[in-house]
Amino acid sequence: MASLSPSKQLFEFCAGAVSAIQNECDSILSSTEQSGKISLLECGPALVDLLSRQASQIDNYYKELQSATPGEAKIPPEKKPLILKRLGDIISIAYSKFYAFLFKDLPICWRQLYTDASILTFCLKLLWTPYIYDATKGSGVVINGRFNDAECELSELVKTLDLALILAGAAGEQRGSIWIHKAFELLQVVWKSTAPLTDAPLSERPAKRKRLAQTPGSIPARDVAEVNGVFSAAEPLTPPVRHPIPRINFMPMEAFQAHMDNPRDSKLGPEPLVIRGLVDDWPALTSNPWSKPSYLLSRTFDGRRLVPIEVGRSYVDEGWGQKIVTFGEFLCQYIDPSLSEVQGERDGDNISASPQNGTIAYLAQHPLFTQLPSLRNDILIPDYCYTAPPPHPSDPSIDQPELDEPLLNAWFGPPGTITPLHNDPYHNILTQVVGRKYVRLYSPLNTERMKARGKENGVEMGNTSLMDVGVVEGWDTISDDEEHQLSEEDLTTFKKVPFLDCILEPGDALYIPIGWWHYVRGLSVSFSVSFWWN
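Residues numbered from 1 in each chain as written. Predicted model: local features only at pLDDT ≥ 70, side-chain atom pairs only at ≥ 80, totals over all residues. Heavy atoms only, no water.

J.: Sorry if this is basic, but what is going on with the packing of helix H1 (residues 6-30) against helix H6 (residues 176-193) here?
T.: When two helices pack together, their arrangement is captured by the angle between the axes and the distance separating the axes. In the contact formed by H1 and H6, the axes pass within 9 Å of each other and the chain directions differ by 155°. Between H1 and H6, the crossing angle belongs to the class labelled roughly antiparallel. With respect to the hand of their crossing, H1 and H6 are arranged in left-handed fashion. Residues Pro6, Ser7, Gln9, Leu10, Phe13, Cys14 and Ala17 of H1 touch H6, and the partners they reach there are Trp179, Lys182, Ala183, Leu186, Leu187, Val189 and Val190. Grouping the constituent residues of the contact of H1 with H6 by class yields 11 nonpolar, 2 polar and 1 charged. (Axes fitted to C-alpha atoms, helices over the stretch in contact; angles between N-to-C directions. Helix = DSSP H or I, 4+ residues; strand = E, 2+ residues; numbered from the N terminus. Parallel < 35°, antiparallel > 145°, perpendicular 65-115°, else oblique. Left-handed = near helix turned anticlockwise from the far one by under 90°. Contact = heavy atoms within 4.5 Å. Nonpolar A, V, L, I, M, F, W, Y, C, P; charged D, E, K, R; others polar.)

This is the structure:
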């Protein structure tokens, strides 16, 4: 495949997936014996048959293009809406099952069905874009002017695969996430190489060219190129640090292990540390700076990739919610409104230069690096995450089975994002890449004084405190729905509980031992990465 053009590579890659899905479905339907492997048959033969029939029709399209003489290939668009509707029905049925189970208990066949139907949808939509036709050689394919909406189609292609990653975890042994990541990789190469037909960087375009209709949530490459600055460092509020967490320069792995093995207080266990110099050589802080919006946009199809965000100040607040938006929309509406000004000046639109209605949004505790491997390459797992940390100092029930690998999560948001006071069942290295964060920690020996929430609306919230540090300190006002839960005595008593605190600067790493209660507040635009391990 390496000797083929990028467009041809993408075409053959998709053709292979379509054929494989059809063959697997036909094999399942014709087999009289159940294999030991996880099978789509668990979703029912009717759905497998419906998926097979859609794959068969798409496969015919690809085979006709593969065998056609240049100038003779025609892809009739009449059946496209019906195939897309059938695939949409399959995706909807599979997704409805996600609500019938806890995600950890969801039979994987439904996740695979969602993923395979999404892959077929991607492969079908791709036929109506310029990305599989080699313009340099002249494909001779009759396309009926459908490339006029190429940019819109690109956003739809990205959305189709991203939803499979975010909602279904891109399940499937034969294709799944590996196939989707490869498809994104090929699509990125082809998209950048089709400057005359799509919204490519300005320097690669013809001198005069009619601009394509802009897709909501994306930022044109010509505008991305002009976003050369860094995120604002403005801090609306900077809390004082009253009981500083000890700060040390980089320590060898053996010294860090000794810190955990030889605590000052054997009942308490290891204590928090701020470690400087641990992540200084990360590309995210050097050659591929996450502090530059232009770099992040270049890794997300100019902002077209989807991300799940939390909307609201804190996940315990009334009105808090979640939604999936494009990365560009997240940047423009919630992180850096000046990006909206850039786009607005280009498009002549009247776009507000302030966050949407003053609402705060947070990309929080999301496995972003599983979804976007290109960003994963910009960071390194600290060696400390391969040490042997102690169990919880006072409550063995909190300890979790040993992880095979550290769990990585991204935390990206504007000033004022809050992770309320809570504890985690793992040891944590919280690294600061962009901006500054205030962090306050309370000992696990004071757990009874944290006023844990317990179950709320059927959701276990026992690891989260009723105490709002921002309210206690006067940085925030208490919401009406919380007033009845806390008395003046509660607030006065909580103020007497000892704590440690710090402000994390770019390049800092904070070690948070298992069980320590912590409150985290974004002071400026902030991007952090957490590493859980045990």
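J.: Sorry if this is basic, but what is going on with the pairing of strand S13 (residues 508-512) here?
T.: A regular strand carries its side chains on alternate faces of the sheet. A large share of S13 lies buried, amounting to 5 of its 5 residues. Both faces of S13 are covered, namely the face carrying Asp508, Leu510 and Ile512 and the face carrying Ala509 and Tyr511. With 4 bridges connecting them, strand S8 (residues 427-434) and S13 associate as antiparallel partners. Its bridge partner being in S13, leucine 430 is matched across the sheet by leucine 510. (Buried < 20%, exposed > 50% of the residue type's maximum accessible area, 1.4 Å probe, protein only. Pairing = 2+ DSSP bridges.)

J.: Looking at this structure, how should I read helix H3 (residues 80-98)?
T.: What sets the pattern is the α-helix's 3.6 residues per turn: residues three or four places apart point alike. Here H3 contains 19 residues, and its C-alpha end-to-end distance of 27 Å stays within 8% of the 27 Å for a straight helix at 1.5 Å per residue. When H3 is considered as a whole, its buried residues turn out to be Lys80, Ile83, Leu87, Ile90, Ile91, Ala94 and Phe98. Each buried residue of H3 lies within a common arc of 110° when the element is viewed along its axis, so the set occupies one face. (Expected span 1.5 Å × (residues − 1). Arc of directions from axis to C-beta.)

J.: I keep staring at the nonpolar core and nothing clicks. Help me out?
T.: Across soluble globular proteins, nonpolar side chains show a tendency to be buried alongside one another. Leu51, Tyr62, Phe122, Leu126 and Trp179 are the most contacted members of the largest nonpolar core, which has 62 residues in total. Of all the elements in the fold, those that place two or more residues in this core are H1, helix H2 (45-67), H3, helix H4 (108-126), helix H5 (150-168) and H6. Take this core: its biggest share by element is 11 residues, from H4. The contact partners of leucine 126, leaving out residues within four places of it in the chain, are Leu10, Cys14, Tyr62, Tyr131, Ile132, Leu157 and Leu187. Judged by nonpolar contacts, the second largest core, of 48 residues, contains Leu375, Val525, Phe527 and Val529. (Core = buried A, V, L, I, M, F, W, Y, C linked by side-chain atoms within 4.5 Å.)

J.: Sorry if this is basic, but what is going on with the sheet that holds strand S14 (residues 517-522) here?
T.: Hydrogen bonds along the backbone pair up the strands of a sheet, which may run parallel or antiparallel. With antiparallel pairing, 4 strands are arranged side by side in an open sheet as S7-S14-S9-S12. Sheet topology places strand S7 (418-422) and strand S12 (500-504) at the edges, where each strand pairs with a single neighbour. Neighbour-to-neighbour, the strand axes of this sheet turn through a mean angle of 15°, independent of strand direction. Where strand S9 (residues 437-442) lies against S12, 5 bridges are found, and the strand directions are antiparallel. Considered in S12, the bridge of tyrosine 438 is made with isoleucine 503.

J.: Explain the packing of aromatic side chains to me, please; I cannot follow it from the model alone.
T.: Centre distance and the angle of the planes are the two values used to describe a pair of aromatic rings. Applying the stated criterion across every chain, the model contains 29 aromatic pairs. With a centroid separation of 6.0 Å and an interplanar angle of 75°, the aromatic rings of tyrosine 61 and tryptophan 128 are classed as edge-to-face. Taken as a pair, tyrosine 61 in helix H2 and tryptophan 128 in the loop between H4 and H5 lie far apart in primary sequence, 67 residues in all. The pair tyrosine 61 / tryptophan 128 is uniform in exposure class, with both members buried. When the ring of phenylalanine 231 is compared with that of phenylalanine 412, the centres are 5.8 Å apart and the planes differ by 65°; the resulting orientation is edge-to-face. Here phenylalanine 231 is found in the loop between helix H7 (221-224) and strand S1 (247-249), whereas its partner phenylalanine 412 is found in strand S6 (residues 407-413), with 181 residues between them in sequence. (Phe/Tyr/Trp six-rings, centres within 6.5 Å; stacked < 30°, edge-to-face > 60°.)

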